[in-house]
Amino acid sequence: MAEQLDLNLLRVFDALMDTGSVTAAATRLHLSIPATSRALGRLRRVMNDQILVRAGRGLVPTPFAQRSAAKVKALLDAAAELRVDPAGSDPCSWRRTFAIRVNDGLSPVLAPRLTHRIAAEAPNVRLRFVAQDSKEPDQLRDGSLDLDIGVADPPPPDVRTQTLFSDHFVAVVAAHSELGKAERLTVDDLCTHPHISASRRGFAHGPLDEALQRLGRSRRVVAVVPSFAVAALMALEGDVICLGPQVVTEHLVERQVPLRWHKVPLELPSADVELRWHRRLDDDPASRWLRHYVREAVQPLVAMLNRT
């Protein structure tokens, strides 16, 4: 008789996909390493796929495993809802991972604040922060993401949204530089000094260029990097300018990174940072709990923006 695929095996699969390690999966599942290794062998037989393969010193999932990960997670969530857990309303009793997609401009600020709050109330809950390589809602639909935080296009009908705050771009420079010591930034400064552009899609042109073009002016972009964190570090090295969200810039300055920011002397659009989740999680207690802590974590950021 062919071996059957049961929920225990699916839990092993889910842990292996989240951790990429037999040892780490064993720790999460409270199993021995040999037992977890045997379960991986059973998964390979039942699914007719290698699931994880060796790559250097680590393991990487096969294409089949990657395609199946979200489906398995959704099945486990559905199975959990079929059983009443008397302690299920107490976050201290939870052993689970929440996946949160967050944009690069917010993750350095939100991730530590949210992690600190969650760890204090639910010590066995893990937060997995996912880079915003895409803004598509499919991962919210299939359950591989619990929340999406950032700036995005208007949502489809099945995705709920809540605006957390409105941020805007500031000009970031090294505190010790000529611009860092200046009282304010001028349009001439924007056009004279080199710029570092932060764009995950590799764009060198943006709203600042359009605002300058309306004045018949332009700037010189000398490098394009995939994240604002990298751009800010490059700004430390010389008299260059990079545009970045005020929230993360204030966070870096508050943490004594030797940067300074100036208001941009041109009208630039603000950005609404939104919290997004799928409508099937509207009344889910765990999702509501997580959304509450996200909103709580951003309150100091909102207060900071209101002061400036």
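Reading guide: rules and limits
Residues numbered from 1 in each chain as written. Predicted model: local features only at pLDDT ≥ 70, side-chain atom pairs only at ≥ 80, totals over all residues. Heavy atoms only, no water. Core = buried A, V, L, I, M, F, W, Y, C linked by side-chain atoms within 4.5 Å. Buried < 20%, exposed > 50% of the residue type's maximum accessible area, 1.4 Å probe, protein only. Helix = DSSP H or I, 4+ residues; strand = E, 2+ residues; numbered from the N terminus. Domains from an automatic or database assignment. Contact = heavy atoms within 4.5 Å. Pairing = 2+ DSSP bridges. Axes fitted to C-alpha atoms, helices over the stretch in contact; angles between N-to-C directions. Parallel < 35°, antiparallel > 145°, perpendicular 65-115°, else oblique. Expected span 1.5 Å × (residues − 1). Polar contact = N/O pair within 3.5 Å; in protein donor to acceptor, adjacent residues only side chain to side chain. UniProt positions renumbered as here; feature names shortened; annotations may be inferred.

## Considering the nonpolar core
Counting 47 residues, the largest nonpolar core has L106, L114, I149 and F165 as its most contacted members. When residues in this core are grouped by element, the largest group, eleven residues, is from helix α12 (residues 285-307). Taken domain by domain, the makeup of this core includes at least three residues from each of domain 2 (95-167 + 271-306) and domain 3 (169-263). Setting aside its immediate chain neighbours within four residues, L106 contacts I149, F165, V247, V273 and L301.

## Observations concerning the sheet that holds strand β6 (residues 159-167)
In spatial order, the strands read β4-β3-β5-β12-β6; together these five strands make up an open sheet with mixed pairing. Both edges of this open sheet fall to β4 (125-131) and β6, since each of them pairs with a single strand only. Taking each pair of neighbouring strands and ignoring which way they run, the sheet shows an average axis angle of 20°. Relative to strand β12 (residues 271-278), strand β5 (residues 147-150) runs antiparallel, the two being bridged by three bridges. Looking at β12, one finds that D148 is bridged to R276.

## Remarks on the packing of helix α11 (residues 246-254) against α12
Relative to each other, α11 and α12 sit at 95°, their axes nearing to 10 Å. Looking at the two axes, α11 sits roughly perpendicular to α12. Contacts between α11 and α12 pair Q246, V247 and E250 from the former with L301, M304 and L305 from the latter.

## Comments concerning helix α1 (residues 7-19)
In a regular helix each residue adds 1.5 Å, so 13 residues correspond to 18 Å; α1 covers 18 Å between its end C-alpha atoms and thus fits that length. Those residues of α1 lying buried are L9, L10, V12, F13, D14, A15, L16 and M17. Measuring from the side-chain oxygen of the N-cap residue of α1 to the backbone nitrogen of N8 gives 3.1 Å; that N-cap residue is D6. Immediately downstream of α1, the backbone of G20 shows phi near 65°, a positive value.

## Some points on the UniProt feature "domain: HTH lysR-type" (unreviewed entry) in the protein
When the UniProt feature table is mapped onto this chain numbering, "domain: HTH lysR-type" (unreviewed entry) sits at residues 5-62. Annotation note: span residues 5-62, helix share 62%, strand share 14%, distance between end C-alpha atoms 18 Å.

## Digging into the environment of R288
Mapped onto the elements, R288 comes out in helix α12. Take R288: its relative accessible area is 39%, and that puts it in the partly exposed class. Apart from residues lying up to four places away in sequence, R288 is in contact with D282 and D283. From its side chain, R288 meets the backbone oxygen of D283 in a polar contact 2.7 Å long.

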